[in-house]
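# Residue-level structural notes
What follows is the residue order along each chain.
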Amino acid sequence: AVKFDTERAMLHVEALTATALDGREIGSPGASRAAEYVAQQWKSVGLQPAGDGGSYFLASRGGFERITETPVLWLDDGGELLQYGSDFAELAGRFRCAGQADGAVRFVSFGLSPSARKLAVSEFAKLDLSRDVVLVLSQEEADILDGKACAAVLVVASDPEAIARSLILSPESRLDPALVGTNFASTVADRPTLWVSEQTAKRLLTGSGWELKSLRQAATAVGERDVLTFELPRRAAIRVEGEVHDD
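Residues numbered from 1 in each chain as written. Predicted model: local features only at pLDDT ≥ 70, side-chain atom pairs only at ≥ 80, totals over all residues. Heavy atoms only, no water.

### Here we look at the overall build of the chain
Scanning the chain from N- to C-terminus turns up seven helices and nine strands. With 247 residues in all, the chain has 36% of them scored as buried. Partitioning the intrachain contacts of the chain with sequence separation of at least 6 by distance along the chain shows that 71% fall at a separation of at least 24. Accessible surface, the chain as shown: approximately 14400 Å² in total, 51% of it carbon and sulfur. (Helix = DSSP H or I, 4+ residues; strand = E, 2+ residues; numbered from the N terminus. Buried < 20%, exposed > 50% of the residue type's maximum accessible area, 1.4 Å probe, protein only. Contact = heavy atoms within 4.5 Å. Areas by Shrake-Rupley, 256 points an atom, 1.4 Å probe, with all protein chains shown as cover.)

Below, the structure is given as C-alpha cells:
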C-alpha cells in the first residue's frame, strides 16, 4: 500500500483553499476551477472516470440564493452600528433569508423540546406576530416559526462560529402562512432571518429586566403547549438583499 504523504496532502489543501478560488462558492468560477483540479488529480492517479460523457463529472442542477449587498441590522438604542459578520449574519435555513423588516422586537421561547404540532393547538396559534421582529434562543425555535407570519426572525448564536460561517442559502420562497389553503396560497412571504451575537442580544434585552442567562433558565420551565413571550423595549430595522441563481 502507498504510504500517506503529508506534504503532498498539504499541497492539495493549499491548492483548494487558494485565494484565487474565492472560497469555491457554489456557482462561481472558483468552484469550477476547484472541480477541474480534483478531476486532474484523479486522472493522474489512474482513477477510471464514470461521469457524464466519460468524464469525472455528473451534472446536477439546483439553485441557491446569493446575498447581493451587505445586510443591515439597526437598533433604536442609540448604540454603535452593528457589524455584519461579527454582530449578525444571515441564517441558512429552509427558506430564503432575503427581505426587509422594521418593527418592534418580541422575545419568544418554546422551551427545550418545541413541537410545531402541539403548538398548533395551543394559545400560541392565536398570537399575532405578523408585525414583530421575533427574537429566539435557537435555530430549532426559528424552525417552528416557519409556519408563523412575522416580520423577521433573530436567532441568538451561542457559538460565534455560526455568525462567521458561510453556508449555501436556500432558494426556496416561503408561502404566506395566513393564505395557505386559500386561492392565494402561492403568495410569497419571504422575510429576513439572521443570527445575532450574544452581545447584540444583550442590547436587544436592555431595559426589559431580563438577561440571556435568566431567559435560558426560564425556557427550561416552558411546557410543550406553552410559550414564553413578551415585547422588548426595542425596535429593529433589517435589510437583506439577495437573488436566486439556478445552477
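Having seen the structure, we can now continue with the description.
### Some details on the sheet that holds strand β6 (residues 150-156)
On the basis of which strands lie adjacent, the open sheet formed by seven strands has the order β2-β8-β4-β5-β6-β7-β3 and mixed pairing. Strands at the two margins of the open sheet, each flanked by one partner only, are β2 (72-75) and β3 (88-90). Neighbour-to-neighbour, the strand axes of this sheet turn through a mean angle of 30°, independent of strand direction. Alignment of β2 against strand β8 (residues 228-240), held across four bridges, turns out to be antiparallel. Following the sheet pairing, V72 is matched in β8 by R239. Across the sheet, helix α6 (residues 198-205) is in contact with β2, β4 (99-109), β5 (129-136), β6, β7 (193-196) and β8; its angle to β8 comes to roughly 120°. Across the sheet, helix α7 (residues 212-219) is in contact with β4, β6 and β8; its angle to β8 comes to roughly 120°. (Pairing = 2+ DSSP bridges. Axes fitted to C-alpha atoms, helices over the stretch in contact; angles between N-to-C directions.)

### Notes on α7
Among the residues of α7, those classed as buried are L212, L215 and A219. On an axial view of α7, the arc spanned by its buried residues comes to 60°, and they lie on one face. The inward-facing, buried residues of α7 contact β4, β6, α6 and β8. (Arc of directions from axis to C-beta.)

### What to know about the packing of aromatic side chains
Under the defined criterion, the tally for this structure stands at four aromatic pairs. Relative to F230, the ring of W210 has its centre 5.4 Å away and its plane inclined at 15°; by these criteria the two rings are stacked. Of this pair, W210 sits in the loop between α6 and α7 while F230 sits in strand β8; the two residues are 20 residues apart in sequence, bridging distant segments of the chain. Take W210: its relative accessible area is 28%, and that puts it in the partly exposed class. Put simply, the rings of F107, W210 and F230 touch in pairs and so form one group of aromatic residues. (Phe/Tyr/Trp six-rings, centres within 6.5 Å; stacked < 30°, edge-to-face > 60°.)

### Digging into the nonpolar core
Counting residues in hydrophobic clusters, the biggest one holds 30 residues, and the most contacted among them are L73, F107, L135, L154, L232 and I238. Listed by contribution, the elements that provide at least two residues to this core are β2, β4, β5, β6, β7, α6, α7 and β8. Take this core: its biggest share by element is six residues, from β8. Leave out the neighbours within four places in its chain, and L154 touches L73, V133, V134, L135, V136, L194, V196, L204 and I238. One finds A89, L91, F124 and V136 within the second-largest nonpolar core, a separate group that totals 19 residues. (Core = buried A, V, L, I, M, F, W, Y, C linked by side-chain atoms within 4.5 Å.)

### A word on the environment of G223
Along the chain, G223 falls in the loop between α7 and β8. Under the relative-accessibility criterion, G223 is labelled partly exposed at 23%.

### Here we look at the environment of L232
Mapped onto the fold, L232 is located in strand β8. For L232, a relative accessible area of 6% gives the class buried. The sequence separation of L232 and F107 amounts to 125 residues, and the corresponding C-alpha distance is 6.8 Å. Those residues within four positions of L232 in sequence are excluded, and the remaining contacts are V105, R106, F107, L135, L204, L205 and S208.

### Here we look at the packing of helix α1 (residues 6-16) against helix α2 (residues 29-44)
Interaxial distance between α1 and α2 falls to 10 Å at its minimum, and their mutual angle equals 155°. Judged on the interaxial angle alone, α2 and α1 are roughly antiparallel. Packed against α1, whose contacting residues are L11, H12, A15 and L16, the element α2 presents A34, Y37, V38 and Q41 at the interface. Of the residues in the contact of α1 with α2, the class split is six nonpolar, two polar and no charged. (Parallel < 35°, antiparallel > 145°, perpendicular 65-115°, else oblique. Nonpolar A, V, L, I, M, F, W, Y, C, P; charged D, E, K, R; others polar.)

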